Amino acid sequence: MKSPDIDALIVGAGPVGLSTALQLGRAGVRTLLVERHAGLAHHPKAVGVHARTMELFRQWGIAENARAVGLPLERTLAVAWLTRLTGIELGTLHFAEDAEKMAEFAGQSPEAPLFAPQDRIEPILLDAARHAPSVEIRMSTTVSAIEQDEGGATVVLEPASGSPVTVRARYVIAADGARSRTRERHEFGEVADQPYGESVNVYFRADLDEITAGRPYLLWWIVNPDVQGAFWPVDTEGRWIFNFEGDPDRPDDHFGKDLCTRLIREAAGAPDLDIELLNVLRWRHEQAVARRWRRGRILLVGDAAHRFPPHGGFGMNSGIQDSANLAWKIAAVVRGEAGEELLDTYEAERKPVAEYNSRQVMLNTERMQDTGWLTSDPSVLSDIELPSGEQARRRFAEAIPAQREQIHSQGQQFGRIYTSRAVVPDGTTAVESGVERYHPTSHPGARLPHVWLTGGAGRLSTVDLTGHGFVLLSRGPGTGWATAAKQVSARLNVPIEAYELGEGGDLCPDDPRDLEVLEIPPAGAVLVRPDSHVGYRALGEPDDPVGELAAAMRTILHRS
């Protein structure tokens, strides 16, 4: 068996594949990313970046670049239901009442959510990945075969021009999307609902400023007898998406310029609107979660592992967060810091999150019918724009508050607590978060809560301390935890940064009560993994902190 040429081969240069390459590159892992297309996506696709994903961008040094291509906050304060853009407004749901409060929407994070199109985010990820010396990216290259053995995987690559190339990789990461060829060829299996229709995204350019002026809506749900769909702005330069229900039995040419132009004009209520069609993308309404996320040396991430309807925005965001869970584990194994079994905890931790998201997103989708969109009985819309439709309009308006969990999902975004053999239990019971309500906790398996800290480097978030390696946080000076971290780091040859928090320590919270938010007991400590999730928590100082911390690290890293 030939030794691996590379440590990780990533299939697919979407946002998830690029995020994985960027993280592995930051860790010095020899990485090859291949993409069958000649370039990145030219359709905006996803537009919502959750605050948790923005935290990852912050840790990777690209958050400000991402914000530079996003919509202004004042354009994204609410979503609305209307009969047409020029028609009757049925009701709204607000992220916040104004831009200042919108910036506080992610009050449990140093980052607010962002609304930026995928075709603007991907080049930022690509540029950052290319700056990592250990990462190589090949476009117009297809994976035609993968064969595994004990020493690695033999992968046949077929460039668009030239002869096939065979490479040896230690691991293959399939980020090749909802129709993943890797998942299908290697029989990962999946639990899926029957597709319940399809959507058509029409990407177009038009001047809608006069029609939409003064209304700060990110999404405009349209409900009338002629068309049901949704508008959302891609940027401030006149680019928009209009989404409507398609028909999977129709050929692509059915959804041509004439039909799309007519539907957009009807939905806008502007029969003479000048429209430049840029692209049409069809996709299925479906949900599925792969039965297995790892088969030997092949692992699935993103849409290859799960796919959901878009209501809540958990597709791309879940995939990028998958990559944050997986990348540090692959890096630790490749560097010899962790045992191979650590990779099994990826599925154990992320699959339950995908299943939870799937259930919630399907619930969000079902609730949409009550607002007149995706309704199973179009006849209820027949008089919605007439005086006689007052009762129907009132019924739809009364259903809008129940859609709140689509846009207020802090608990769903921040509150998932991992349970696996890469988490050391501390004997306590976690307080679970809901969909909306996030309960900050440093319970083992939880994302470390955000609080603002001040020290020699100025003001920073706990999020800024994590994301690149292991971090040990203890409360106040005088405990043995900082010394224990130094000794365990040397003993295991794994970097551990240690910070003492509080009066007289390395960093002080802006509000002393925030030490209670972090749930660090006076003599205890919290060990945070490279993905910002707590791996171990000591509720007090043990007799042997060095031995205790070393045992926890060995458990997390699956080292004997």
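Peer 1: Would you explain the overall build of the chain in this entry?
Peer 2: Looking only at helices and strands, the chain features 16 helices and 27 strands. A compact globule built from 560 residues would reach a C-alpha radius of gyration of about 24 Å, and the chain, at 25 Å, matches this within 12%. Residues counted as buried form 57% of the 560 residues belonging to the chain.

Peer 1: Looking at this model, I keep getting lost on the sheet that holds strand S12 (residues 198–205). Mind explaining?
Peer 2: Strands in a sheet are paired, the pairing made by backbone hydrogen bonds, and the direction either parallel or antiparallel. Taken in spatial order, the seven strands make up an open sheet running S5-S4-S13-S14-S15-S12-S16, and their pairing is mixed. Two strands in the sheet have a free side with no partner beyond their single neighbour: strand S5 (89–94) and strand S16 (276–284). Taken over all neighbouring pairs, the strand axes of this sheet differ in orientation by 20 degrees on average, direction set aside.

Peer 1: Would you mind showing me how to read the sheet that holds strand S11 (residues 190–192) here?
Peer 2: As summarised here, the arrangement of the three strands in space is S11-S17-S20, forming an open sheet in which the pairing is antiparallel. In this open sheet, the two strands that pair with only one neighbour each are S11 and strand S20 (306–307). With two bridges connecting them, strand S17 (residues 288–290) and S20 associate as antiparallel partners. Bridging across to S20, alanine 288 finds its partner in arginine 307.

Peer 1: How should I be thinking about the nonpolar core in this particular structure?
Peer 2: Considering soluble globular proteins, one finds that nonpolar side chains tend to be buried as a cluster. Among the nonpolar cores identified, the biggest contains 98 residues, and Leu9 and Phe57 are the most heavily contacted of them. It is helix H9 (residues 315–334) that provides the largest number of residues to this core, a total of 11 residues. Ignoring any residue separated from it by four or fewer positions in sequence, one finds leucine 9 in contact with Leu32, Val34, Val143, Val155, Leu157, Val167, Ala169, Tyr171, Val172 and Ile173. One finds Val227, Phe244, Leu259 and Ala270 within the second-largest nonpolar core, a separate group that totals 27 residues.

Peer 1: Looking at this structure, I do not really get the pairing of strand S1 (residues 6–11). What am I missing?
Peer 2: Consecutive side chains of a regular strand alternate in pointing toward one face of the sheet and then the other. When you tally the buried positions in S1, you get six out of six residues, the bulk of the element. In this region the chain leaves S1, passes through helix H1 (residues 15–26) and returns to the parallel neighbour strand S2 (residues 31–34); the handedness of that crossover is right-handed.

Peer 1: So what exactly am I meant to see when it comes to the side chain of arginine 52 here?
Peer 2: With respect to the element layout, arginine 52 can be found in helix H2 (residues 51–60). Using a relative accessible area of 6% as the deciding quantity, one classes arginine 52 as buried. For arginine 52, the side chain forms a polar contact with the side chain of glutamate 55, separated by 2.7 Å. Those residues in contact with arginine 52 that sit more than four places away from it in its chain are Gln321, Gln413, Phe414, Arg447, Asp531 and Ser532.

Peer 1: Which parts of the structure should I look at to understand helix H16 (residues 545–557)?
Peer 2: Because an α-helix completes one turn every 3.6 residues, residues spaced three or four positions apart along the sequence face the same direction. Here H16 contains 13 residues, and its C-alpha end-to-end distance of 18 Å stays within 8% of the 18 Å for a straight helix at 1.5 Å per residue. For H16, every residue scored as buried is listed here: Pro545, Val546, Leu549, Ala550, Ala552, Met553, Ile556 and Leu557. Angularly, the buried residues of H16 cover 160 degrees about the axis, an arc narrow enough to put them on a single face. Check the buried side of H16 and you find it contacts H9, strand S23 (470–475), helix H14 (481–492), strand S24 (496–501), strand S26 (525–528) and strand S27 (534–538). In the segment just after H16, histidine 558 is the residue with positive phi, at about 60 degrees.

Peer 1: Can you walk me through the packing of H14 against H16 in this structure?
Peer 2: Pairs of packed helices are described in terms of their axes, by the angle between the two and the distance that separates them. Where H14 contacts H16, the axes come no closer than 9 Å and their chain directions differ by 50 degrees. Relative to H16, the element H14 lies oblique. As for the relative orientation of H14 and H16, their crossing is right-handed in sense. Counted together, Trp481, Ala484, Ala485, Gln487, Val488, Arg491 and Leu492 of H14 and Pro545, Val546, Leu549, Ala550, Met553 and Arg554 of H16 form the full contact between these two elements. Classifying every residue of the contact of H14 with H16 by side-chain character gives 10 nonpolar, one polar and two charged.

Peer 1: So what exactly am I meant to see when it comes to the environment of arginine 294 here?
Peer 2: Turning to its location among the elements, arginine 294 is positioned in strand S18 (residues 294–295). Linking arginine 294 and alanine 338, residues 44 residues apart in sequence, is a C-alpha distance of 17 Å. Side chain to side chain, arginine 294 and glutamate 340 meet in a polar contact 2.6 Å long. Reaching out from arginine 294, the side chain makes a polar contact with the side chain of aspartate 344 at a distance of 2.8 Å.

Peer 1: Just checking my understanding: could you explain the pairing of S26 for this structure?
Peer 2: The alternating pattern of S26 places Ala525 and Leu527 on one face and Val526 and Val528 on the opposite face, and all of these are buried. Two elements, S23 and S26, share four bridges in a ladder whose sense is antiparallel. Within the sheet, the bridge partner assigned to valine 471 lies in S26 and is valine 528. Two strands pair when backbone bridges link them, and S26 and S27 are joined in this way by four bridges, in the antiparallel orientation. By the bridge assignment, valine 528 is partnered in S27 with valine 534. Between S26 and S27, which pair antiparallel in sequence order, lie five residues; one of them, serine 532, sits at a positive phi of approximately 75 degrees.

Peer 1: Just to check I follow, could you spell out the packing of aromatic side chains for this structure?
Peer 2: Each aromatic ring pair is described using two quantities: the centre-to-centre distance and the angle formed by the ring planes. Summed over all chains, the structure comprises 12 aromatic pairs. Seen in terms of ring centroids, phenylalanine 244 and phenylalanine 255 are 6.2 Å apart; in terms of plane orientation they differ by 45 degrees. Their pairing is tilted. Note that phenylalanine 244 is positioned in strand S15 (residues 239–245) and phenylalanine 255 in the loop between S15 and helix H8 (257–268), a separation of 11 residues in sequence. Phenylalanine 244 sits in the buried class, given a relative accessible area of 4%. Overall, phenylalanine 255 belongs to the buried group, its relative accessible area being 6%. Grouped by ring-pair contacts, the aromatic residues Phe204, Phe231, Trp240, Phe242, Phe244 and Phe255 constitute a single cluster. Sitting over the ring of phenylalanine 396, arginine 395 keeps its end group 5.3 Å from the ring centre.

Peer 1: What should I look at first to understand the side chain of threonine 141 in this one?
Peer 2: Mapping threonine 141 onto the fold places it in strand S8 (residues 141–149). Threonine 141 sits in the buried class, given a relative accessible area of 6%. What threonine 141 contacts, discounting residues up to four positions off in sequence, is Val34, Glu35, Arg36, Leu157, Glu158 and Pro159.

Peer 1: What is the right way to read the environment of aspartate 209 from this model?
Peer 2: Here aspartate 209 shows up in helix H7 (residues 209–212). Here aspartate 209 falls in the partly exposed class, since its relative accessible area comes to 48%. C-alpha of aspartate 209 to C-alpha of threonine 236: the two residues are 27 residues apart in sequence and 9.2 Å apart in space.

What counts and what doesn't
- Residues numbered from 1 in each chain as written.
- Predicted model: local features only at pLDDT ≥ 70, side-chain atom pairs only at ≥ 80, totals over all residues.
- Heavy atoms only, no water.
- Helix = DSSP H or I, 4+ residues; strand = E, 2+ residues; numbered from the N terminus.
- Rg over C-alpha atoms; globule rule 2.2 N^0.38 Å.
- Buried < 20%, exposed > 50% of the residue type's maximum accessible area, 1.4 Å probe, protein only.
- Pairing = 2+ DSSP bridges.
- Axes fitted to C-alpha atoms, helices over the stretch in contact; angles between N-to-C directions.
- Core = buried A, V, L, I, M, F, W, Y, C linked by side-chain atoms within 4.5 Å.
- Contact = heavy atoms within 4.5 Å.
- Right-handed = clockwise from strand over helix to strand, strands pointing away.
- Polar contact = N/O pair within 3.5 Å; in protein donor to acceptor, adjacent residues only side chain to side chain.
- Expected span 1.5 Å × (residues − 1).
- Arc of directions from axis to C-beta.
- Parallel < 35°, antiparallel > 145°, perpendicular 65-115°, else oblique.
- Left-handed = near helix turned anticlockwise from the far one by under 90°.
- Nonpolar A, V, L, I, M, F, W, Y, C, P; charged D, E, K, R; others polar.
- Phe/Tyr/Trp six-rings, centres within 6.5 Å; stacked < 30°, edge-to-face > 60°.
- Lys NZ or Arg CZ within 6 Å of the ring centre and 35° of its normal.

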